[in-house]
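Now for the letters of each chain:
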Amino acid sequence: MDLFIQLTLTGLTNGAILALAALGFVLIYKSSDVLNFAQGEFLLVGAYVTFAMLAQFGLHWTLGMALTILIAIGLGVLVERLVLRPMIGEPIISVIMVTIGLSSLLKAIVSTIWGNLPKAFPPFIPSQPVQILGATVGADRLWAIVIAMLLLGIFTFFFRRSKEGIAMRAVADDQQAALSMGISVKKIFAWAWSIAAATAAIGGVLVANIVGVSGELANFGVRVFPVVILGGLDSIPGAIIGGVIIGLLESYTGGYIGQGLNQVLPFVVLIIILMIRPYGLFGQEIIERV
Amino acid sequence: MTGADSRPPLTEGIMLTLNNIEVIYNDVILVLKGMSIQVPEGKIVGLLGSNGAGKSTTLKAISGLLKPEDGEVTDGSIEFLGETIHHKDAADIVSRGIFQVMEGRRVFEHLTAEENLIAGGYTRRDSNAHHDIEMVYHYFPRLKERRHQTAGYLSGGEQQMLAIGRALMARPKLMMLDEPSLGLAPLLVMEIFDIVKRINKEHGTTILIVEQNANLTLGVADYAYIMENGRIVLEGYPADLRENADVREFYLGLTEVGQRKSYRDVKHYKRRKRWLS
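What comes next concerns the included structure.

Conventions we followed
- Residues numbered from 1 in each chain as written.
- Chains lettered and ligands numbered in written order.
- Predicted model: local features only at pLDDT ≥ 70, side-chain atom pairs only at ≥ 80, totals over all residues.
- Heavy atoms only, no water.
- Helix = DSSP H or I, 4+ residues; strand = E, 2+ residues; numbered from the N terminus.
- Buried < 20%, exposed > 50% of the residue type's maximum accessible area, 1.4 Å probe, protein only.
- Contact = heavy atoms within 4.5 Å.
- Buried area = accessible area lost by both parts, 1.4 Å probe.
- Salt bridge = Lys/Arg side-chain N within 4 Å of Asp/Glu carboxyl O.
- Polar contact = N/O pair within 3.5 Å; in protein donor to acceptor, adjacent residues only side chain to side chain.
- Axes fitted to C-alpha atoms, helices over the stretch in contact; angles between N-to-C directions.
- Parallel < 35°, antiparallel > 145°, perpendicular 65-115°, else oblique.
- Pairing = 2+ DSSP bridges.
- 1 Å grid on protein atoms, 1.4 Å probe; cavity = no way out; pocket = protein on both sides within 12 Å on 5 of 7 lines; lining within 4 Å.
- Points joined across faces, edges and corners; volume = space filled by probe spheres on them.
- Nonpolar A, V, L, I, M, F, W, Y, C, P; charged D, E, K, R; others polar.

What to know about unusual backbone geometry
Residues and elements named next belong to chain B.
And step 1. Residue Asn20 is not a glycine yet carries a positive backbone phi of 55°.
And step 2. By the secondary structure assignment, Asn20 is in strand S1 (residues 14-25).
And step 3. With a relative accessible area of 45%, Asn20 lands in the partly exposed category.
And step 4. At Leu81, a position not held by glycine, the phi torsion is positive, near 50°.
And step 5. A residue is classified by how much of its surface remains accessible, and Leu81, at 41% relative accessible area, is partly exposed.

Below you can see the structure in the form of structure tokens.
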């Protein structure tokens, strides 16, 4: 029973962080139909920048985090302006290939600046063990869940209630019609990329806090795919629930069946979902009017 | 160009002027070939013409929506309230008070009706937007019943109402409607045209309607232009246009009693048209 709770909490933590990474991915897909293969690298950049702020420049974590988020937003805008805007009107597959190029580029930049050796992440999130229902879990893992849930709640609200959020969904639906009501599609894309980069950066910090800083963090990006396919590429609640399901699934198979299988299982889920429900649990079916 | 009658064309209080504009798509396809119209403030102006005459292109040239389709105004000028606007981008033009209700309604299918309206008021900086949603519901009570429904599942008529409501949310000075009757039942079309007329009366909103349905448009318009092949071939007051033999035959489908026109007459008309334009 203890093991079960232990695995559940681990799974929820991973799930919450996966959901954060997936959220950025969904956001970009939702507003511009682009699959961003550099999402994992955004996590990587976020973790390393925070590492630099705290461990190398010795900033207080509040200031360090604030700067990291600002840099991530800047990165998002920059990517949109320099890489994606020139690609407007090109076939979507070219844009996706560009994001693959971008992922290699970001990875290379990070390893040039910080090298390839794993580093310990400066512990600013309290990590003393906490007893929950007989299981022991690090407080940092609980914080990860809380922070992820908070952010996801804010975004859900943003998309349902705020004018900018509604405009983003409008752009996702029909760019030209959105343009005809004065919504600047370019601005919306910049927003989407900035928010995606910022959430990924926070996700990166949360993972790095648990496993340390290394190039491995980028692999988190690959694990986003089963999450978004399961939840639906264009659904925010889908990203959350997909994240939690995949997180738990990984954790249970790792704990009960054996390490190694847990790496594979999410992709088995991915294939099954693609076969039976290609738009995911919560994804939008295309509305067809007859 | 010939007026259908001796009355002087409607020229006082001009809000929008298209001066001999030329639009080219993809650098080679010439769609508008010296198109000129004037829209006086507070009036309803109809722009009639058959498929492919360039009516939608005209509207897109005004609202700045040509660029995403690789179209460009290469010659002439478009002036709105004394300022040249044909090089401005769409967002700028909307905030100047021109709003195009696009052909085929183009509602945001996955947003609710009310979210569609909020998106329509995107350029508004004041906080009266909420009040305006009620104003839209006042014109279209049916939208109020459907406010939380996903717009993609509304009926065609309700979607057209939503598209017009979305335009109202921006409080435009000039509202341009592109084929509002497209694919709707005749009764519904009448209802929508009535509401357009009311909006014009009660808000003083200037309206430019592009239509294939000439009869209906001449019923509400204060002045109308007839467009063929990228330019205006005829203009005048609706009552005068209704008397014009060519308009009666080719746009209103009215012929003299019992007479069936032969293809020779059509050819004759086409020749004459070339002379006119």
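Quick look at the interface of chain A and chain B
And step 1. Contacts between chain A and chain B engage 22 residues on the former and 33 residues on the latter.
And step 2. Summing both partners gives a buried area of about 2500 Å² for chain A against chain B, and 58% of it is carried by carbon and sulfur.
And step 3. Of the charged contacts in the structure, one is a salt bridge between Glu115 of chain B and Arg160 of chain A, with a shortest N-O distance of 3.9 Å.
And step 4. Linking chain A to chain B there are 10 residue pairs in polar contact (both at pLDDT 80 or more).

A closer look at the packing of helix H1 (residues 2-32) of chain A against helix H6 (residues 163-173) of chain A
Residue and element names in this part refer to chain A.
And step 1. For the pair H1 and H6, the least separation of the axes is 6 Å and the interaxial angle reads 60°. Considering the angle they form, H1 stands oblique to H6. Judged by residue contacts, Leu27, Lys30 and Ser31 of H1 engage Met168, Arg169, Val171 and Ala172 from H6.

Focus: the sheet that holds strand S6 (residues 98-101) of chain B
Residues and elements named next belong to chain B.
And step 1. Spatially, six strands are ordered S6-S7-S8-S3-S9-S10 in an open sheet, and the strand pairing comes out mixed. A single partner strand is all that each edge strand has here, and the edge strands are S6 and strand S10 (231-236). Adjacent strand axes in the sheet meet at a mean angle of 20° when their direction is disregarded.
And step 2. Relative to strand S7 (residues 174-178), S6 runs parallel, the two being bridged by four bridges. Bridge pairing in S7 links Val101 to Leu177.
And step 3. Running at roughly 150° to S7, helix H1 (residues 55-63) makes contact with strand S3 (44-48), S6, S7, strand S8 (206-211) and strand S9 (223-228) of the sheet.
And step 4. Packing of helix H7 (residues 186-203) onto the sheet brings it into contact with S3, S7 and S8, and relative to S8 it is tilted by some 155°.

With respect to the layout of surface pockets
And step 1. By volume, the largest pocket is sized at about 1100 Å³.
And step 2. Along its surface, the largest pocket is lined by 41 residues, and Ile88, Leu179, Val185 and Lys186 of chain A together with Pro68 of chain B are the ones closest to its centre.
And step 3. Within the residue set of the lining of the largest pocket, elements represented by two or more residues are H1, helix H4 (92-114), H6, helix H7 (175-180) and helix H8 (185-211) of chain A together with H1, strand S4 (71-80) and helix H2 (90-96) of chain B.
And step 4. Classifying every residue of the lining of the largest pocket by side-chain character gives 21 nonpolar, 10 polar and 10 charged.
And step 5. By volume, the second largest pocket amounts to about 840 Å³.
And step 6. If you trace the second largest pocket, you find 34 residues lining it, with Lys30, Asp173, Asp234 and Gln284 of chain A together with His110 of chain B closest to the centre.
And step 7. Contributions of two or more residues to the lining of the second largest pocket are made by H1, helix H5 (139-161), H6, helix H9 (220-231) and helix H10 (236-257) of chain A.

Concerning the pattern of salt bridges
Residues and elements named next belong to chain B.
And step 1. For the coordinates displayed, the defined rule picks out 17 salt bridges over all chains.
And step 2. A salt bridge links Asp132 to Arg171; the nearest nitrogen and oxygen atoms lie 3.0 Å apart. One end of the pair, Asp132, is in helix H4 (residues 129-139); the other, Arg171, is in the loop between helix H6 (156-169) and S7, with 39 residues separating them in the sequence.
And step 3. Residue classification places Asp132 among the buried positions, given a relative accessible area of 1%.

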